[in-house]
Protein chains: 2
Amino acid sequence: MGRTVYYTASTLDGFLADEHDSLSWLLRQDVDPAGPFGYDGFIAGVGAMVMGATTYRWLLDHLDPADGWPYEQPCWVMTRRTFPAPSGDVRFAAGPVVDLLPALRAAAGERDLWVVGGGDLAGQFADVGALDEIEVSFAPVTLGAGRPLLPRPLDLELLDVARNRSLVCARYRVAGPLAASVP
Amino acid sequence: MGRTVYYTASTLDGFLADEHDSLSWLLRQDVDPAGPFGYDGFIAGVGAMVMGATTYRWLLDHLDPADGWPYEQPCWVMTRRTFPAPSGDVRFAAGPVVDLLPALRAAAGERDLWVVGGGDLAGQFADVGALDEIEVSFAPVTLGAGRPLLPRPLDLELLDVARNRSLVCARYRVAGPLAASVP
């Protein structure tokens, strides 16, 4: 079985997007999609995707309709909102995440299940022990406010680190809930 | 003249400490103080230090009084609070940062001025264009809430990246305020 992996970019201070869901700070960064932790290698290993409604809305607003839906993999959108009929293999589900896991894992097969975001969705997978890894690429930016990377207290294990041009990239195993504080 | 550098540890999601100012998540990490970005090499290049009142309070609460004040360098504490007479070379100042800069830089001389934290103090240096670099070591932890790493919108330039055991370490030049969003 493949991994369930939250693969995302972040600001240095842990934001996925600014308060208006803008990614302009990310899209102007120098990055090699064929380099370490790059998108090309990652997406080739993905068998299925799952994302939150805000992420899906962002894609609808920013993709060029002439290009069509960019993913070949089946993609679940966790939402209670109503969206127009999708142009690609997009399926809507209301959750909770745990009810959807068997279908997601079956669709991913031997390949990875990509938890695209946002942070709370990744947290919902972690809550039920279903998030295996986090791969994060840090852009050389701070925002000071915005959409949080992963709003949960978790212990991780560093597996790998690399630089991809302007980005610092790291891969972690999700070890579990944060160990209790020692007073 | 040396650098003015904000050298700090952070969680992966951009927190310096939890909401109760606990660093227990950091103090249990595996790190080599003589390794890349390690404390030993860093402190040897520091000529003067400046910290906020919360950081100073944390040190007073957590240092062993029998060991005395651990720093040889002159250390300014930016505060309007009243503290007991310090045991080391500690000087209290009420700010603003810009008024203190000449004294800090003179004390640091050819060595670095270490902005110890917290995040807002580092931000105050950035606000007046007086923060040269950021060196951050990310612990393999998320907290989801706590004291923010650097609550300002800034553009950075990645200068160096390394792994120190469980930590991902990166060094940045502070380029300036975040470039305006492209709509």
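Keep in mind the model is a prediction, meaning the values are calculated, not measured.

### Examining the overall build of chain A
Turning to step 1, where the next piece is worked out: Secondary structure summary: chain A contains 5 helices and 11 strands in total.
Turning to step 2, where the next piece is worked out: Relative to a compact globule of 183 residues, whose C-alpha radius of gyration would be 16 Å, chain A shows 16 Å and is just as compact.
Turning to step 3, where the next piece is worked out: Expressed as lengths along the three principal axes of its C-alpha atoms, the size of chain A is roughly 50 × 35 × 30 Å.
Turning to step 4, where the next piece is worked out: Taken across its 183 residues, chain A has 53% of its residues classed as buried.
Turning to step 5, where the next piece is worked out: Restricting to contacts in chain A with at least 6 residues of sequence separation, those with at least 24 account for 73%.

### Regarding the sheet that holds strand 6 (residues 112-117) of chain A
Turning to step 1, where the next piece is worked out: Strand order in this open sheet of 9 strands is 5(A)-4(A)-3(A)-6(A)-1(A)-7(A)-11(A)-10(A)-8(B), and the pairing throughout is mixed. Only two strands of the sheet have a single partner each, and these edge strands are strand 5 (90-93) of chain A together with strand 8 (141-142) of chain B.
Turning to step 2, where the next piece is worked out: Here 3 bridges tie strand 1 (residues 4-11) of chain A to strand 6 of chain A, and the two strands are oriented parallel to one another. What sits directly across from A:Tyr6, in strand 6 of chain A, is A:Val115.
Turning to step 3, where the next piece is worked out: Lying on the sheet, helix 4 (residues 97-108) of chain A is in contact with strand 1, strand 3 (46-52), strand 4 (75-78), strand 5 and strand 6 of chain A; it crosses strand 3 of chain A at an angle near 150 degrees.
Turning to step 4, where the next piece is worked out: Lying over the sheet, helix 5 (residues 119-127) of chain A contacts strand 1, strand 3, strand 4, strand 6 and strand 10 (154-164) of chain A, oriented at roughly 135 degrees with respect to strand 6 of chain A.

### Some details on the relation of the copies chain B and chain A
Turning to step 1, where the next piece is worked out: The transform that puts chain B on chain A rotates by 180 degrees and translates by 0.0 Å along the axis, for an RMSD of 0.0 Å. Taken together, the turn and the small shift mark the pair as related by a two-fold rotation axis. In terms of proximity to the rotation axis, the leading residue of chain B is B:Gly14, whose C-alpha is 2.4 Å off the axis.
Turning to step 2, where the next piece is worked out: When the interface residues of chain B are mapped onto chain A, 100% of them again lie at the interface, so the same face is used by both copies.

### A short note on the packing of aromatic side chains
Residue and element names in this part refer to chain A.
Turning to step 1, where the next piece is worked out: Tallying each qualifying case throughout the model produces 21 aromatic pairs over all chains.
Turning to step 2, where the next piece is worked out: Centre to centre, the rings of Tyr7 and Trp114 are 5.9 Å apart; their planes meet at 80 degrees, and the pair counts as edge-to-face. Within this pair, whereas Tyr7 is found in strand 1, its partner Trp114 is found in strand 6, the two being separated by 107 residues in sequence. The two residues Tyr7 and Trp114 agree in class, both being buried.
Turning to step 3, where the next piece is worked out: Positioned above the aromatic ring of Trp76 is the side chain of Arg91, whose terminal nitrogen or guanidinium carbon lies 4.6 Å from the ring centre.

### As for the sheet that holds strand 5 (residues 90-93) of chain B
Turning to step 1, where the next piece is worked out: Strand order in this open sheet of 9 strands is 8(A)-10(B)-11(B)-7(B)-1(B)-6(B)-3(B)-4(B)-5(B), and the pairing throughout is mixed. The two strands at the open ends of the sheet, each matched to only one other strand, are strand 8 (141-142) of chain A together with strand 5 of chain B.
Turning to step 2, where the next piece is worked out: Here 6 bridges tie strand 7 (residues 133-139) of chain B to strand 11 (residues 167-177) of chain B, and the two strands are oriented antiparallel to one another. Counted as the bridge partner of B:Phe138 is B:Val168 from strand 11 of chain B.
Turning to step 3, where the next piece is worked out: Where helix 4 (residues 97-108) of chain B meets the sheet, its contacts fall on strand 1 (4-11), strand 3 (46-52), strand 4 (75-78), strand 5 and strand 6 (112-117) of chain B, and the angle it forms with strand 3 of chain B comes to roughly 150 degrees.
Turning to step 4, where the next piece is worked out: Across the face of the sheet, helix 5 (residues 119-127) of chain B comes into contact with strand 1, strand 3, strand 4, strand 6 and strand 10 (154-164) of chain B while running at roughly 135 degrees to strand 6 of chain B.

### What to know about the interface of chain B and chain A
Size of an interface, as often reported, equals the accessible area lost when the parts are brought together.
Turning to step 1, where the next piece is worked out: With 39 residues of chain B in contact, the opposing surface of chain A contributes 39 residues.
Turning to step 2, where the next piece is worked out: Taking both partners together, chain B and chain A bury about 2900 Å²; carbon and sulfur atoms supply 61% of that area.
Turning to step 3, where the next piece is worked out: Of all residues in chain B, B:Leu12, B:Thr142 and B:Leu158 bury the most surface against chain A, accounting for 21% of the area lost on that side.
Turning to step 4, where the next piece is worked out: Along the contact surface separating chain B from chain A lie 2 salt bridges.
Turning to step 5, where the next piece is worked out: Inspection of the region where chain B meets chain A yields 10 residue pairs in polar contact (both at pLDDT 80 or more).
Turning to step 6, where the next piece is worked out: Of all the elements in the fold, those that place two or more residues in the side of chain B that touches chain A are helix 1 (24-27), strand 7, strand 8, strand 10 and strand 11 of chain B.
Turning to step 7, where the next piece is worked out: Among the elements that make up the side of chain B that touches chain A, the one with the highest residue count is strand 10 of chain B (9 residues).

### Considering the nonpolar core
Turning to step 1, where the next piece is worked out: Residues A:Phe125 and B:Phe125 are the most contacted members of the largest nonpolar core, which totals 66 residues.
Turning to step 2, where the next piece is worked out: Apart from residues lying up to four places away in sequence, B:Phe125 is in contact with B:Thr4, B:Val50, B:Val97, B:Leu101, B:Leu104, B:Leu113, B:Val115, B:Ala130 and B:Leu131.
Turning to step 3, where the next piece is worked out: If you look at the next biggest cluster of nonpolar residues, it comprises 32 residues, including B:Ala9, B:Ala17, B:Phe37 and B:Val90.

Here is what the cut-offs are and how they apply
- Within each chain, residues carry numbers counting from 1 in the order of the written sequence.
- Going through the entries in the order they are written, you letter the chains from A and number the ligands from 1.
- Only residues with pLDDT of at least 70 get local features here, since the model is predicted, and only at 80 or more are side-chain atom pairs given and counted; chain-wide, interface and lining totals rely on the full set of residues.
- With hydrogens and water excluded, all non-hydrogen atoms of the structure serve as input to the side-chain values.
- Runs of E in the DSSP output that reach at least two residues are strands. Runs of H or I that reach at least four are helices, and both are numbered from the N terminus.
- Within these notes, the globule rule equals 2.2 Å times the number of residues to the 0.38 power, and the radius of gyration is based on C-alpha atoms.
- Whether a residue is buried, partly exposed or exposed follows from its accessible area with a 1.4 Å probe, protein chains only, as a fraction of its type maximum: under 20%, in between, or over 50%, in that order.
- Contacts are assigned to residue pairs that have any heavy atoms within 4.5 Å of one another.
- We treat two strands as partners when DSSP finds at least two bridges between them.
- A fitted line through C-alpha atoms represents every axis, and for helices the fit uses only the stretch in contact; the resulting angles, taken between N-to-C directions, go from 0 to 180 degrees.
- C-alpha atoms of residues with pLDDT of at least 70 in both copies form the basis for the least-squares superposition of the copies.
- Each aromatic pair joins two rings of Phe, Tyr and Trp (for Trp, the six-membered one) with centres within 6.5 Å, and gets the label stacked for planes under 30 degrees apart, edge-to-face for over 60, and tilted for any other angle.
- A ring is considered to have a charge above it if a Lys NZ or an Arg CZ atom is located within 6 Å of its centre and within 35 degrees of its normal.
- By buried area we mean how much accessible surface two parts lose on assembly, using a 1.4 Å probe and totalling the loss over both.
- Within this document, salt bridges are pairs made up of a side-chain nitrogen of Lys or Arg and a carboxyl oxygen of Asp or Glu, the two lying within 4 Å of each other.
- Here a polar contact is recorded for every N or O atom pair within 3.5 Å, except that within protein the pair must consist of a potential hydrogen donor and a potential acceptor, and residues adjacent in sequence are included only if both atoms are side-chain atoms.
- Residues belong to a common nonpolar core when they are buried Ala, Val, Leu, Ile, Met, Phe, Trp, Tyr or Cys residues joined through side-chain atoms within 4.5 Å.

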